[in-house]
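Observations on chain architecture
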Amino acid sequence: MTVLGIENVSKSYGEVHSVQGVSLNLGEGERVALLGHNGAGKTTLMRMVLGLTPLTSGSIQVLGMPPGSRKARAAIGFLPESVAFHGALTGREQLHHFARLKGVKRRVADDLLERVGLTHAMNRKIRTYSKGMRQRVGLAQALLGQPRLALLDEPTSGLDPISRHEFYDIVDDLAKTGTAVLLSSHALTELESRTDRIAIMSKGHLLANDSLSNLRKAARLPIQVRVKATAETADDMAARLGGSRVNGASVALEVQQEGKVSLLGQITGLGDLVKDIDVTPASLEELYRHYSVPKQEGK
Amino acid sequence: MSSIAIARIELLIARRNMWVFTSLILMGLFSSVLTLAGGAPTGTLGVDPLLIATTSITTLSVYLIPLIGLLLSFDAIAGEAERGTLALSLTYPLSRGEILLGKFLAHLVVLGFAVAVGLALTAGLTIWKYGSADLNYLPLLKLFATSLALGAAFLGIGYTISALAKQTGVASGIVIIVWLICVVLYDLGLLGALVADGGGTFTKTIFPWLLVANPADAFRLINMPTDTVSTLATGLGAAGQASGFAPQLASLLLWPIFALGLAWGAFRRIEP
């Protein structure tokens with residue numbers, strides 16, 4: 001079932017076209033990462049889904065309802081990119097307030113505080129919280145009332161690596177209960193195993209929207225192979241494998257997916273000359289660059 | 001229901017931010033001082049001591065209540081817009097009208113509480129000094145009700161400014177200017193016009209209406225007894241009473257509705 005349907009949506013502020021002809025669908029339990037640099041239109045797109053910003057053209061439906069309608073809002077959990085809760089309130093008071101607005105029991109709010117790891121600090125004023133702790137308050141309020149759609153704008157900014165890991169555990173649990181999750185991010189490496197689909201935006205356009213493995217196949221970015229030899233044998237090895245010598249004692253090679261196995265066989269055939277091998281598939285960062293700036297690469 | 005949740009959190013914030021305490025101290029202190037000092041000149045005149053006290057307190061409230069109302073409200077929308085909590089609140093299933101109503105209820109409670117404590121102190125001190133016999137409590141109740149109306153009007157004006165300015169820094173500057181205009185400059189302007197007119201048609205026909213159009217002046221007129229006391233208290237009083245009770249009451253009742261309507265209109269147009 002389609003939880004979020006975005007059809008050919010555009011948004012213009014006068015001459016500035018923030019979002020142009022974007023179509024994107026999210027089904028139940030799907031985790032989609034929205035990538036793009038600052039000003040690519042990610043936040044504007046989310047704001048339109050929330051009903052905070054009117055569309056210039058196109059249509060958006062949240063569970064078949066127009067964005068911003070009371071029912072649509074009741075079904076959405078939203079974590080804004082930068083939110084500063086009132087410093088005079090404690091984390092618990094702030095979350096209880098949001099629970100009341102969503103018609104959720106305060107017990108649920110307390111459970112969520114525990115889920116995001118804030119129980120020890122919940123009776124302290126938010127003004128004393130670190131950035132990561134404030135982000136956790138934001139995440140907890142987005143999870144209130146089992147949303148059908150979670151919109152998380154830069155959710156991991158300000159979180160340390162362990163907290164990021166915990167954050168994605170929570171996202172996984174959320175998706176397992178059927179919530180569609182749309183999250184935007186700059187931190188690409190952590191998304192690799194944690195999302196079902198990657199959508200890449202640049203200058204208001206949606207340039208790619210597929211699973212990571214499909215994006216890899218379509219991009220045909222080479223796999224990087226690095227073979228470590230010795231200073232004496234590196235030149236000889238580079239000649240035999242067809243690569244280039246780097247760092248004095250290593251050989252760097254590039255190969256497409258289909259040629260990978262035969263190349264590795266060739267390398268093992270060299271026997272004792274090989275001291276070590278590194279095989280690196282195209283990273284998400286390279287993919288992102290490939291899709292977001294295709295024209296410059298063509299030149 | 002959502003309005004109650006908003007009112008609840010706003011009351012909590014007002015308490016933490018010492019707004020409740022500050023307005024309480026302001027109203028309590030001034031009411032006590034005016035009650036104790038205001039009774040001194042009456043002595044054996046035989047005027048109701050409570051009447052003297054309420055007259056002094058009215059004069060002061062004309063300045064203080066709009067100020068407290070504006071100070072409570074100027075941050076209400078601009079502050080949330082700046083912190084980013086406004087956008088978040090608006091993604092929850094509640095309307096902007098409910099948010100505004102909730103904030104208004106909370107701020108009116110803070111203001112009403114401060115005024116009530118001030119007037120209770122006045123009543124208590126008067127009884128302590130003169131005994132409870134022959135006291136007329138009606139002016140006190142009238143002062144309380146009209147104080148709420150005056151406060152509500154300036155809360156609405158404050159929300160409007162807050163919504164239009166969108167930045168707390170700008171909003172705080174504007175409310176001080178608006179306060180100065182409403183409680184000081186407006187009267188000075190009218191006084192100047194009166195002097196220039198020298199008792200002509202302006203004084204008789206337009207002036208009473210202009211005076212009552214300002215909620216602060218309507219508040220002053222409605223709470224001032226029509227005898228000589230008012231003439232002593234304010235130079236504008238005597239001429240102002242020409243408009244009568246009904247327009248004064250209408251001004252005090254319509255201003256809160258008008259100002260809150262304006263605030264709602266301005267708030268609705270905000271794209272957080």
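So, how was this worked out
Residues numbered from 1 in each chain as written. Chains lettered and ligands numbered in written order. Predicted model: local features only at pLDDT ≥ 70, side-chain atom pairs only at ≥ 80, totals over all residues. Heavy atoms only, no water. Pairing = 2+ DSSP bridges. Helix = DSSP H or I, 4+ residues; strand = E, 2+ residues; numbered from the N terminus. Axes fitted to C-alpha atoms, helices over the stretch in contact; angles between N-to-C directions. Contact = heavy atoms within 4.5 Å. Patch = residues over 30% accessible without salt bridge, like charges linked within 9 Å, V, L, I, M, F, W, Y side chains within 5 Å. Areas by Shrake-Rupley, 256 points an atom, 1.4 Å probe, with all protein chains shown as cover. Salt bridge = Lys/Arg side-chain N within 4 Å of Asp/Glu carboxyl O. Domains from an automatic or database assignment. Expected span 1.5 Å × (residues − 1).

1. Focus on the sheet that holds strand β1 (residues 2-13) of chain A
All names here are of chain A. One open sheet holds the 3 strands; their spatial order is β2-β1-β4, and the pairing between them is antiparallel. Each edge of the sheet is formed by a strand with only one pairing partner; in this case those strands are β2 (16-27) and β4 (57-62). Geometrically, the sheet is characterised by an average inter-axis angle of 15 degrees between neighbouring strands, direction not taken into account. Examined bridge by bridge, β1 and β2 share 8 bridges and lie antiparallel to one another. Looking across to β2, one finds that V9 is bridged to V22. Against the sheet, helix α1 (residues 42-50) engages β1, β2 and β4, with an angle of about 120 degrees to β1.

2. Considerations on the pairing of β1(A)
Residues and elements named next belong to chain A. The hairpin formed by β1 and β2 contains 2 residues between the paired strands, and G14 there has a positive phi angle of roughly 65 degrees. Direction of pairing for β1 relative to β4: antiparallel, over a ladder of 5 bridges. Looking at β4, one finds that E7 is bridged to S59.

3. Describing a nonpolar patch on the surface
Taken together, the side chains of B:I177, B:L180, B:I181, B:L185, B:L188 and B:L191 present a nonpolar region at the surface, about 510 Å² in accessible area. Residue position: B:I177 is located in helix α8 (residues 168-197).

4. So, the domain arrangement of chain A
Its domain assignment divides chain A into domain 1 (2-217) and domain 2 (222-281). Here the C-alpha centre of domain 2 of chain A lies 43 Å away from the C-alpha centre of domain 1 of chain A.

5. Quick notes on helix α7 (residues 138-165) of chain B
The terminal C-alpha atoms of α7(B) lie 40 Å apart, and with 28 residues this matches the ideal 40 Å at 1.5 Å per residue to within 8%. B:K166 occupies a position one or two residues after α7(B) and carries a positive phi of about 65 degrees.

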